[in-house]
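Coordinate analysis (summary)
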Amino acid sequence: MFTKLMAATALISASMISVASAETISMWVRSGIGDSFKEVVKAYNAAHENKVELTEVPFAELVQKYATAIAGGQAPDALSLDLIYTPAFAAAGQLEDLTDWAKALPYFNSLSPSHVKLGTYEDKIYGLPLTVETSIFAWNKDLYKKAGLDPEKAPATWEEITANAEKIRGLGGDTYGFYFSGGGCGGCMIFTFTPLTWGAGADILSADGKTATLDTPQMRKAVDIYRNMIAKDLVPAGAASDNGVNFLSFTNGKIGQQSLGAFAIGTLVTQHPEIDFGVTLIPGVDGKPSSFAGGDNFVVTKGTPKLADVKEFLEYTYSPEGQKIMAKYGSLPTRGDIANEVLEGLDPRLKVGLDAIAVAKTPYTLQFNDLINSANGPWATFTNAAIYGDDADGAFADAQAEMQSIIDAGQ
């Protein structure tokens, strides 16, 4: 009887320990993150004692709400944070230092390099890639055919893109050769327009983010390429006022060519099967390709008592199983070493989005929003004024000065 009682007590105790050891990790994500991460969380929760509880926060409110929650001691254990904001939160001392653990991961060197760079502050790692996005160039094969172009030939230079746009515009009506969201959409233009200069070796900021380097021959050439297409009526007039609402205009079937995000591949395949399209890397002004590396970094709130549990979840996300789930629902692999395996059986055009990671860049600055994303900031104002205005020289001078002023004020 005593033995049975002891055994029962041990069983109950073990059960209590098991229950007690299960943790719920609180995590915030921005609205619009898509199904890929939500699905990997579902899979993790179904297979593990620990659970991840997601809270979706409106995209425009996430950064401020997280900062407020940190100040009030109410922050989540982890966060899916737009990678561009990682340096600012790291600099403020609000994120966990993941350096030693991250570098010990056997696949660390295969993780998206731009995400790791943006997750690094003063040589310590505070953020690691969660969702990866890149910008690519798309063309409508049906419109290429109608315009007498080879639908299987990807354009490799902007001279070729412009010539193709002229032939497509020649079809008449509301069919146009090119599109971009030029109405003060800083996020759109950093994503799709800056690769023209990056591929040619120039940048809008110095490597340390302390100097504005906007006015370069490469940027002036990029501006001229867009101005030329507008002058030739190759771009719909509505592009001048599009603040990003019509960013996916390519999906209307009337746009011959457009720089987009790799996410658009999944959108086109699943929601617009009527559009036959090709994708390639965005050429620089000299023909060498580049891309914007976007997406989110996984960051951990400093001081969380659940650091080990959070790490376990992220390792699952990085596992072949987790990566395959995310890819199935539209996210590019964050691990280059298993990328081909992860994309096997999926739309082969996703491989272009993956190839873009190797040439992709992201500006490193603690003032990304003020410099680039803000609709009233110098980058958004510059792109609209330089491309559509009558005084390109003035647009360059004003933006260069304002960018430097914002940078200096933040030092």
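Reference entry: report on the structure contained in this document. (Residues numbered from 1 in each chain as written. Predicted model: local features only at pLDDT ≥ 70, side-chain atom pairs only at ≥ 80, totals over all residues. Heavy atoms only, no water.)

**Some words on the pairing of strand E1 (residues 24-30)**
Counting buried positions along E1 yields five of seven residues, so the element is predominantly enclosed. Relative to strand E2 (residues 51-57), E1 runs parallel, the two sharing seven bridges. Considered in E2, the bridge of Ile 25 is made with Val 52. With two bridges joining them, E1 and strand E3 (residues 78-82) adopt parallel strand pairing. (Buried < 20%, exposed > 50% of the residue type's maximum accessible area, 1.4 Å probe, protein only. Helix = DSSP H or I, 4+ residues; strand = E, 2+ residues; numbered from the N terminus. Pairing = 2+ DSSP bridges.)

**Describing the state of the cysteines**
Under the definition given, this model contains one disulfide. The side chain of Cys 185 participates in a disulfide bridge whose partner is Cys 188; the two sulfur atoms lie 2.0 Å from each other. A torsion of 65° about the S-S bond marks the disulfide between Cys 185 and Cys 188 as right-handed. An identical accessibility class is assigned to Cys 185 and Cys 188; each is buried. (Disulfide = S-S within 2.5 Å.)

**Some words on helix H3 (residues 62-71)**
The complete set of buried residues in H3 reads Leu 62, Tyr 66, Ala 69 and Ile 70. The buried residues of H3 occupy an angular sector of 100° when projected down its axis, which confines them to one face. Pointing more than 90 degrees away from the buried face of H3 are the exposed residues Gln 64 and Ala 71. Tucked inside the fold, the buried residues of H3 contact E1, E2, E3 and helix H4 (86-91). (Arc of directions from axis to C-beta. Contact = heavy atoms within 4.5 Å.)

**Thoughts on the pattern of salt bridges**
Any two side chains of opposite charge can pair, on the condition that their charged atoms come close. On inspection of all chains with the given rule, the structure shows 17 salt bridges. A salt bridge links Asp 233 to Arg 169, with the shortest nitrogen-to-oxygen separation between them at 3.0 Å. With Asp 233 in the loop between helix H11 (217-231) and strand E7 (257-261) and Arg 169 in helix H8 (residues 158-169), this residue pair connects regions lying 64 residues apart in the sequence. Using a relative accessible area of 37% as the deciding quantity, one classes Asp 233 as partly exposed. (Salt bridge = Lys/Arg side-chain N within 4 Å of Asp/Glu carboxyl O.)

**Quick notes on the side chain of Lys 141**
Tracing the backbone shows Lys 141 in helix H7 (residues 141-146). The class of Lys 141 is buried, set by a relative accessible area of 13%. Sequence-distant contacts of Lys 141, defined by excluding residues within four places in its chain, comprise Pro 151, Glu 152, Asp 276, Phe 277 and Gly 278.

**Examining the environment of Leu 128**
With respect to the helices, strands and loops of the structure, Leu 128 is situated in strand E6 (residues 127-140). With 170 residues separating them along the chain, Leu 128 and Phe 298 place their C-alpha atoms 5.2 Å apart. When near neighbours in sequence (up to four residues on either side) are disregarded, Leu 128 contacts Trp 101, Ala 102, Phe 108, Leu 111, Asp 296, Asn 297, Phe 298, Leu 314 and Tyr 318.

**Let's talk about the nonpolar core**
Judged by nonpolar contacts, the single largest core of 90 residues is most densely connected at Trp 158, Phe 193, Met 219, Tyr 226, Trp 379 and Phe 382. Each residue touching Trp 379, except ones within four places of it in the same chain, is listed here: Gly 186, Met 189, Ile 190, Phe 193, Thr 194, Ile 204, Leu 214, Met 219, Leu 371 and Ile 372. Formed by 31 residues, the second largest nonpolar core is a distinct cluster that contains Leu 128, Leu 130, Val 300 and Tyr 316. (Core = buried A, V, L, I, M, F, W, Y, C linked by side-chain atoms within 4.5 Å.)

**Points about the packing of aromatic side chains**
Under the criterion given, the structure shown has 22 aromatic pairs. A network of ring pairs unites the aromatic residues Phe 137, Trp 158, Phe 178, Phe 180, Phe 193, Tyr 226, Trp 379, Phe 382, Tyr 388 and Phe 396 as a single cluster. The side chain of Lys 65 reaches across the aromatic face of Trp 28, ending 5.4 Å from its centre. Sitting over the face of the ring of Tyr 107, Arg 335 holds its NZ or CZ atom 4.0 Å from the ring centroid. (Phe/Tyr/Trp six-rings, centres within 6.5 Å; stacked < 30°, edge-to-face > 60°. Lys NZ or Arg CZ within 6 Å of the ring centre and 35° of its normal.)

**Looking at the packing of helix H18 (residues 378-388) against helix H19 (residues 392-409)**
Remark: H18 packs on H19, axes separated minimally by 9 Å, with the N-to-C direction vectors making an angle of 175°. When the axis of H18 is compared with that of H19, the two are roughly antiparallel. Residue-level inspection shows Pro 378, Phe 382, Ala 385 and Ala 386 of H18 in contact with H19, the latter providing Ala 392, Ala 395, Phe 396, Ala 399, Glu 402, Met 403 and Ile 406. Its residues placed into classes, the contact of H18 with H19 shows ten nonpolar, no polar and one charged. (Axes fitted to C-alpha atoms, helices over the stretch in contact; angles between N-to-C directions. Parallel < 35°, antiparallel > 145°, perpendicular 65-115°, else oblique. Nonpolar A, V, L, I, M, F, W, Y, C, P; charged D, E, K, R; others polar.)

**Re a negative patch on the surface**
On the surface, Asp 390, Asp 391, Asp 398 and Glu 402 cluster together into a patch of negative charge. Residue placement: Asp 391 occurs in the loop between H18 and H19. (Patch = residues over 30% accessible without salt bridge, like charges linked within 9 Å, V, L, I, M, F, W, Y side chains within 5 Å. Areas by Shrake-Rupley, 256 points an atom, 1.4 Å probe, with all protein chains shown as cover. Lys, Arg positive; Asp, Glu negative; His and termini not counted. Charge placed at Lys NZ, Arg CZ, Asp CG, Glu CD.)

**Details of the packing of H8 against H11**
Packing of H8 against H11 leaves a shortest axis separation of 11 Å and a crossing angle of 10°. Relative to H11, the element H8 lies roughly parallel. In this structure, H8 contributes Trp 158, Glu 159, Thr 162 and Ala 165 to the contact, and H11 contributes Lys 221, Ile 225, Tyr 226, Asn 228 and Met 229. Among the residues making up the contact of H8 with H11, the classes are represented as five nonpolar, two polar and two charged.

**A short note on the environment of Thr 55**
Looking at the secondary structure, you find Thr 55 in strand E2. Thr 55 sits in the partly exposed class, given a relative accessible area of 33%. For the pair Thr 55 and Lys 124, spaced 69 residues apart in the sequence, the C-alpha separation amounts to 28 Å. Setting aside anything within four residues of it in sequence, one finds Thr 55 in contact with Met 27, Trp 28 and Val 29.

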